[in-house]
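Summary of the model geometry
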Amino acid sequence: MPVLAQLLRTAAPCVAPAVWLCGIFVASGAIVNAQAALAATAVTAALRPAHHTDGGFRNPWGLPRHDDAPLGVTLPFFVRRVASSLGGNHGRPPRRVEPDLALIQEVNAARGNSVTWVGHSTFLFQMAGVRFLTDPTWSNTASPVSFGPRRYVDPGLEIDDLGRIDFVVISHNHYDHLDVDTLKRLSNGHTRFLVPLANRETLERHRIGPVVELDWWDSITIGEARIHCVPARHWSRRAVTDMDRALWSGWVVRTQTQAVYFAGDTGMFPGFEEIARRLGPIDLAAIPIGAYEPRAMMEPSHLTPEEAIDAVIALQALNSVAMHFGTFDLTDELIHEPPDRFTAASTAAGRGPDRDWVFAVGETRVF
Ligand SMILES: [Zn+2]
């Protein structure tokens, strides 16, 4: 069913499209040398990290999988997604302001710290003279083809206004996070592209580079920044047969005075405490707050706004900034719902909007 498969894949790039693989699983039936194979597998398994598998990666915490939801939940969801991608209004987009390019330049010249929201999970960070982007996505659809989840609000910065970018971090290969058209425009020989394991080929196939591939807890130094690849609870897929073949991650960027955590895409998991323990204190956490309904499907891979505040508390982050909402219409909740719930949860937890920030698209803050 290539047409249906294409439709479903396109409609929901960052949600569980297990439905369109509901074909026939064929057992190989190979029995010869089974004992030897099992012994070899046991040795290999004992040596490898808990999040590595024979052909890919997994979430190692014994929590429910993203594709555990029943067909009665997933099929109607995909029908709703296809309908939504074809038209209609699914909520109020976030406010957009003209970017303060003078402020951004001023902070860079002073080797200070600032963050600018471009939209969805895309930020421009400046820290101690180092400039980097997170999951840069400037395309109008989060999709491998020209239809699919549409952009509700223009990017907060033009690519031509970015200036020098030292590196890009990418959290995983879903289409709303790894946007090949954008990465091609950013690829200039200077900017380095940091990806979790097994994502190199996706970039290099399009002549995007240089690429640096890292495993969870690996790190690299660029300028005055130490960049750490850290765990996330998520999954990956770009095509029909490549589920979980490429790793997903978050990133911590630390300079001599500040540390920023970019969570990528994640559900609730014990890694937040471990990241704080190993790499804290975290000054600013960019945390995803959208794409959480229906919960029966999304709970293993996306935080609710309330869980996002729980995560920020687990991280002991001084400040947080909300992301992954309002830009692409990915799931069932109205696109303006997540920030209201995020601020309410923050206030209820005794933190409030001065600590847990909701930006207008294009807004810059110094930290
Ligand atoms: Zn995703």
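For the structure, check the block above.
Source: prediction; values computed, not measured.

**Looking at the overall build of the chain**
- Counting its secondary structure elements, the chain contains 10 helices and 14 strands.
- For the chain, buried positions account for 47% of its 367 residues.
- Within the chain, contacts between residues at least 6 apart in sequence are counted, and of these 70% link residues at least 24 apart.

**Remarks on the packing of helix H9 (residues 305-315) against helix H10 (residues 337-348)**
- For the pair H9 and H10, the least separation of the axes is 8 Å and the interaxial angle reads 45°. With respect to H10, the element H9 is oriented oblique. The two elements H9 and H10 cross, and the hand of that crossing is right-handed. Within the contact between the two elements, H9 uses Pro305, Glu306, Ala308 and Ile309 and H10 uses Pro338, Arg341, Phe342, Ala345 and Ser346.
- Its residues assigned to classes, the contact of H9 with H10 comprises 6 nonpolar, 1 polar and 2 charged.

**Let's talk about the nonpolar core**
- Judged by nonpolar contacts, the single largest core of 81 residues is most densely connected at Tyr261, Ala285 and Ile287.
- Each residue touching Tyr261, except ones within four places of it in the same chain, is listed here: Gly250, Val252, Ile275, Ile282, Ala285, Ala286, Leu315 and Ala317.

**Here's the deal with the sheet that holds strand E7 (residues 219-222)**
- Taken in spatial order, the 7 strands line up as E7-E8-E9-E10-E11-E12-E13 in an open sheet, and their pairing is mixed. Of all strands in the sheet, those with a lone pairing partner are E7 and strand E13 (356-357), marking the two edges.
- Relative to the sheet, helix H7 (residues 271-279) contacts strand E8 (225-230), strand E9 (250-254) and strand E10 (259-262), its axis offset from that of E9 by approximately 20°.

**Concerning unusual backbone geometry**
- Omega for the peptide link from Gly209 to Pro210 comes to 0°, which places this bond in the cis form.
- Here the bond from Gly280 into Pro281 is cis, since omega is 0°, no more than 30 degrees from zero.
- With phi around 55°, Arg111 is a residue other than glycine that occupies positive phi space.
- Within the secondary structure, Arg111 sits in the loop between helix H4 (101-109) and strand E1 (114-119).
- Non-glycine residue His324 carries a positive phi angle of around 60°.
- Within the fold, His324 resides in the loop between strand E12 (319-323) and H10.
- Exposure remark for His324: the 28 C-beta atoms within 10 Å place this residue in the buried category.

**What to know about the sheet that holds E1**
- Across the sheet, which stays open at both edges, the 7 strands sit in the order E6-E5-E4-E3-E2-E1-E14 with mixed pairing between neighbours. Looking at the sheet topology across the chains shown, the edges are occupied by strand E6 (211-214) and strand E14 (364-366). Averaged over all neighbouring strand pairs, the angle between strand axes comes to 20°, with direction disregarded.
- Here 4 bridges tie strand E5 (residues 192-196) to E6, and the two strands are oriented parallel to one another. Of the residues in E6, the one forming a bridge with Val195 is Glu213.

**Focus on the environment of His336**
- With respect to the helices and strands, His336 occurs in the loop between E12 and H10.
- Distance in space between the C-alpha atoms of His336 and Gly326 is 6.1 Å, their sequence separation being 10 residues.

**Comments concerning H9**
- For H9, the full list of buried residues reads Pro305, Glu307, Ala308, Ile309, Ala311, Val312 and Leu315.
- For H9, the secondary structure elements touched by its buried residues are E10, H7, strand E11 (284-288), E12, H10 and E13.
- Phi turns positive, to about 55°, at Gln316, one or two residues after H9.

**Looking at the packing of H7 against H9**
- Interhelical geometry of H7 versus H9 gives an angle of 30° and a closest axis separation of 8 Å. By the angle class used here, H7 and H9 are roughly parallel. Seen from above, H7 lies across H9 with right-handed handedness. Judged by residue contacts, Phe272, Glu273, Ile275 and Ala276 of H7 engage Ala311, Ala314 and Leu315 from H9.

Thresholds, definitions, all that
- Residues numbered from 1 in each chain as written.
- Predicted model: local features only at pLDDT ≥ 70, side-chain atom pairs only at ≥ 80, totals over all residues.
- Helix = DSSP H or I, 4+ residues; strand = E, 2+ residues; numbered from the N terminus.
- Buried ≥ 20, exposed ≤ 12 C-beta atoms within 10 Å, placed from the backbone.
- Contact = placed C-beta atoms within 7 Å.
- Axes fitted to C-alpha atoms, helices over the stretch in contact; angles between N-to-C directions.
- Parallel < 35°, antiparallel > 145°, perpendicular 65-115°, else oblique.
- Left-handed = near helix turned anticlockwise from the far one by under 90°.
- Nonpolar A, V, L, I, M, F, W, Y, C, P; charged D, E, K, R; others polar.
- Core = buried A, V, L, I, M, F, W, Y, C linked by C-beta atoms within 7 Å.
- Pairing = 2+ DSSP bridges.

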